[in-house]
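Coordinates in review
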Amino acid sequence: MSVLTAEWLKVRSVRSTYLIIGLSLGAILLGLALAVMAAGMYDSAPPDKRPSARIADLEEVVVIVPQLCMGILGTLAITSEYVTGLIRTSLTVVPRRWPMLTAKATVIGALGLIVGPATVFGTYFVSRWILGDRFSGAYTTAFLDRLPILTTVSLTVPVFALLGLGLGALLRSTAAAITIMAGLVYVIPIIIGNIPEPWSERLGSIMIAALPRQITGDGNASSVFGSLLPPVAAAAVLAAYATLPLMAATLLMRRRDV
């Protein structure tokens, strides 16, 4: 508990934490702007074009913002200590690596569990309020029917937070860890989309963005991702994104100098 309290104090005592969380929650405003724009385009479209008009689930679009923001926060939670040299003090007070990383993961993961649902559910309710029954009733589905996918999409935010922490501990470089996370969101999906089948669908099925709909059994028929994994396997892959880098970082930190 002392280690956990210390890590919480580290995180909440720097302004960057509040800035990053604020930017994450700002994704709701982005969703609001997209919903207003989409509603305006729908209302100005010819009546004969409206029945075929479709819109992506905005909460799944804007979740990229809190994913990257919380991933950056997770990275900074460990790389900032390497930059300032505080890591030596931390490991002097807590010689074993796993308690320190576990405490950091608990704090960062808990923040992700707050920010993720707040952003995803906030965007959903704002979009539902603005769009109404437009786009063939895309946002008129009962909330309880949408609850599973909203929940699983929310969980990708703490996964990114823990992934950032694990990559930061492995690489000891903020820039390198952020580059990898940005690649997972933007670059790698584009590359996978241009790979010949069946590898495009195989690799696309294990991307983080593809996992929520596979966990809920909805599939990714309308996206660039694959949907080959059963729900249990998809959940295991999502958990692996969060845990494997941290486990590897724990082993590596035992063998190298800080």
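First, a word on scope: everything that follows refers to the structure included in this document. Source: prediction; values computed, not measured. (Residues numbered from 1 in each chain as written. Predicted model: local features only at pLDDT ≥ 70, side-chain atom pairs only at ≥ 80, totals over all residues. Heavy atoms only, no water.)

1. Quick look at unusual backbone geometry
It is generally the case that most residues other than glycine have a negative phi and that most peptide bonds are trans. Here the bond from Glu197 into Pro198 is cis, since omega is 5 degrees, no more than 30 degrees from zero. Of note in this structure, Phe135 is not a glycine but carries a positive phi near 55 degrees. Mapped onto the fold, Phe135 is located in helix α8 (residues 134-137). For Phe135, a relative accessible area of 8% translates into the label buried. Positive phi outside glycine occurs at Arg172, with the angle close to 55 degrees. With respect to the helices, strands and loops of the structure, Arg172 is situated in the loop between α9 (143-171) and α10 (174-193). With relative accessibility at 35%, the residue Arg172 sits in the partly exposed group. (Helix = DSSP H or I, 4+ residues; strand = E, 2+ residues; numbered from the N terminus. Buried < 20%, exposed > 50% of the residue type's maximum accessible area, 1.4 Å probe, protein only.)

2. Some remarks on helix α5 (residues 64-84)
Every α-helix winds through 3.6 residues per turn, so residues three or four apart in the chain are directed the same way. With 21 residues, α5 should reach 30 Å at 1.5 Å per residue; the first-to-last C-alpha distance of 29 Å fits that figure. At Leu76, α5 is deflected by roughly 35 degrees, the largest bend along its length. One or two residues past the end of α5 sits Gly85, with phi positive at roughly 85 degrees. (Expected span 1.5 Å × (residues − 1). Bend = angle between axes of the 7 residues up to and from the residue.)

3. Observations concerning the environment of Leu9
Tracing the sequence through the fold places Leu9 in helix α1 (residues 2-12). The class of Leu9 is partly exposed, set by a relative accessible area of 46%. Along the backbone, Leu9 and Leu246 are 237 residues apart, and their C-alpha atoms lie at a distance of 21 Å.

4. A closer look at the packing of helix α7 (residues 97-131) against α9
Running from amino to carboxyl end, α7 crosses α9 at an angle of 145 degrees, the nearest separation of the two axes being 8 Å. α7 and α9 meet at a crossing whose hand is right-handed. Classifying every residue of the contact of α7 with α9 gives 20 nonpolar, five polar and three charged. (Axes fitted to C-alpha atoms, helices over the stretch in contact; angles between N-to-C directions. Left-handed = near helix turned anticlockwise from the far one by under 90°. Nonpolar A, V, L, I, M, F, W, Y, C, P; charged D, E, K, R; others polar.)

5. A few points about the layout of surface pockets
Remark: the empty space left among the atoms is shown by a probe the size of a water molecule rolled over them. Taken as a whole, the second largest pocket holds about 300 Å³ of empty space. Lys10, Val14, Leu76, Ala77 and Ser80 are, among the 17 residues lining the second largest pocket, the residues nearest its centre. No other element matches α5, which puts six residues into the lining of the second largest pocket. For the lining of the second largest pocket, the class distribution of residues is eight nonpolar, five polar and four charged. (1 Å grid on protein atoms, 1.4 Å probe; cavity = no way out; pocket = protein on both sides within 12 Å on 5 of 7 lines; lining within 4 Å. Points joined across faces, edges and corners; volume = space filled by probe spheres on them.)

6. Structural notes on the packing of helix α2 (residues 15-25) against helix α3 (residues 27-44)
When two helices pack together, their arrangement is given by the angle between their axes and by how far apart the axes lie. Across the interface, α2 lies against α3 with an axial gap of 4 Å and an inter-helix angle of 20 degrees. By the angle between their directions, the pair α2 and α3 is classed as roughly parallel. Contact with α2, carried on its side by Leu23, Ser24 and Leu25, involves Ala27, Ile28 and Leu29 of α3 and no other residues of that element. In terms of residue class, the contact of α2 with α3 is made up of five nonpolar, one polar and no charged. (Parallel < 35°, antiparallel > 145°, perpendicular 65-115°, else oblique. Contact = heavy atoms within 4.5 Å.)

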